[in-house]
Amino acid sequence: INTCVVTALNVTHQFTCANGTVLTETKILNIPDQGIFIGEKDVTKILTEYECVLPGAAFAGGCPVYVSGVVRLDKSFDFLSSDIKMHPGVTGFDIPASFKLELKSGTKVQGNVEPNCNCLWRGIYAYGELATEEATIEDALYAVRPFGGSDISLQKTQLNKNYIGM
């Protein structure tokens, strides 16, 4: 869901009382935290399941991206000038061997999206290619975890407040 575009929901509830009277109530629910929400807690989802909110091959920021669970790339993708907030626990990106994830132009990937939580997120697992330039990755158990055959290029990138940087 992209709450930068959809900032409120109209909800209509219709119910029948014990005496048979039908009541209908409509409310507007404002969404206080704007952002693009992808993933599902404790589940691995592929990136193209979120094509409606992250279309094409790049996202140029302007709205925070909130990630829950593991998002596995099934296309190469670039985040430019993006603020990516990772849910604590088993949350991260998986980059399969045939794909590339790029974090550039001030992109910041960080955990601790929940107040008063000094929790870590899993990190980025690279089997494919990870390229960063002027990026920050922080609050992860493994900021970048390369596996055999991966291609890692980190330029002007800060690995900050991680348990293990790489």
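About the criteria used
Residues numbered from 1 in each chain as written. Predicted model: local features only at pLDDT ≥ 70, side-chain atom pairs only at ≥ 80, totals over all residues. Heavy atoms only, no water. Helix = DSSP H or I, 4+ residues; strand = E, 2+ residues; numbered from the N terminus. Contact = heavy atoms within 4.5 Å. Areas by Shrake-Rupley, 256 points an atom, 1.4 Å probe, with all protein chains shown as cover. Lys, Arg positive; Asp, Glu negative; His and termini not counted. Charge placed at Lys NZ, Arg CZ, Asp CG, Glu CD. Pairing = 2+ DSSP bridges. Buried < 20%, exposed > 50% of the residue type's maximum accessible area, 1.4 Å probe, protein only. Phe/Tyr/Trp six-rings, centres within 6.5 Å; stacked < 30°, edge-to-face > 60°. Core = buried A, V, L, I, M, F, W, Y, C linked by side-chain atoms within 4.5 Å. Patch = residues over 30% accessible without salt bridge, like charges linked within 9 Å, V, L, I, M, F, W, Y side chains within 5 Å. Salt bridge = Lys/Arg side-chain N within 4 Å of Asp/Glu carboxyl O. Polar contact = N/O pair within 3.5 Å; in protein donor to acceptor, adjacent residues only side chain to side chain.

1. Structural notes on the overall build of the protein chain
When helices and strands are counted, the protein chain shows zero helices and 16 strands. Expressed along its principal axes, the backbone C-alpha trace of the protein chain runs to roughly 70 × 35 × 25 Å. For the protein chain, restricting intrachain contacts to residue pairs at least 6 apart in sequence, the fraction spanning at least 24 positions comes to 49%. When the accessible surface of the protein chain is split by element, carbon and sulfur atoms take 50% of a total near 8800 Å². Averaging the locations of the 13 positively and 18 negatively charged side chains of the protein chain gives two centres separated by 2 Å.

2. A short note on the sheet that holds strand S4 (residues 58-59)
Across the sheet, which stays open at both edges, the five strands sit in the order S4-S6-S9-S12-S15 with parallel pairing between neighbours. One side of each edge strand has no neighbouring strand; the edge strands of this open sheet are S4 and strand S15 (151-155). Relative to S15, strand S12 (residues 129-133) runs parallel, the two sharing five bridges. Across the sheet, the residue bridging to Thr 132 is Leu 154, located in S15.

3. Remarks on unusual backbone geometry
Of note in the backbone geometry, Ser 81 takes a positive phi value of approximately 50 degrees without being a glycine. Within the secondary structure layout, Ser 81 lies in the loop between strand S6 (77-80) and strand S7 (83-86). Of the residues examined, Ser 81 reaches a relative accessible area of 43% and is grouped as partly exposed. Within the chain, Lys 161 stands out as a residue other than glycine whose phi angle is a positive 55 degrees. Of note, Lys 161 is situated in the segment after strand S16 (158-160).

4. So, the packing of aromatic side chains
By the definition in use, this model includes six aromatic pairs. When the centroid spacing of 6.4 Å and the interplanar angle of 75 degrees are considered together, the rings of Phe 59 and Phe 79 count as edge-to-face. With Phe 59 in strand S4 and Phe 79 in strand S6, this residue pair connects regions lying 20 residues apart in the sequence. For the residue pair Phe 59 and Phe 79, the accessibility class agrees, reading buried in each case. Three or more aromatic residues joined by ring pairs make a cluster, and in this case those are Phe 59, Phe 77, Phe 79 and Phe 93.

5. A closer look at the nonpolar core
Grouped together as the largest cluster of nonpolar side chains are 30 residues, with contacts concentrated most on Ile 38, Leu 54, Phe 79, Ile 84, Phe 93 and Leu 103. Looking at this core, the elements with two or more residues in it are strand S3 (36-46), strand S5 (65-72), S6, S7, strand S8 (89-95), strand S9 (100-104), strand S11 (121-126) and strand S14 (140-146). Once residues within four sequence positions are removed from consideration, Leu 103 is found in contact with Phe 79, Ile 84, Val 109, Ile 124, Leu 130, Ala 131, Thr 132, Glu 133, Ala 135 and Ile 137.

6. A word on a nonpolar patch on the surface
Together, Val 5, Val 6, Leu 9, Val 11 and Leu 29 give the surface a local cluster of nonpolar side chains, amounting to about 390 Å² of exposed area. On the basis of relative accessible area, Val 11 is assigned to the partly exposed category, the value being 36%.

7. Overview of the side chain of Asp 94
When you line up the elements, Asp 94 lands in strand S8. On the basis of relative accessible area, Asp 94 is assigned to the buried category, the value being 8%. Within the structure, Asp 94 has its side chain in polar contact with the side chain of Arg 122 (distance 2.5 Å). Not counting the four nearest positions on each side in its chain, Asp 94 is found in contact with Val 70, Val 71, Arg 72, Leu 73, Arg 122 and Tyr 125.

These results come straight from atomic positions and should not be treated as a statement about function.
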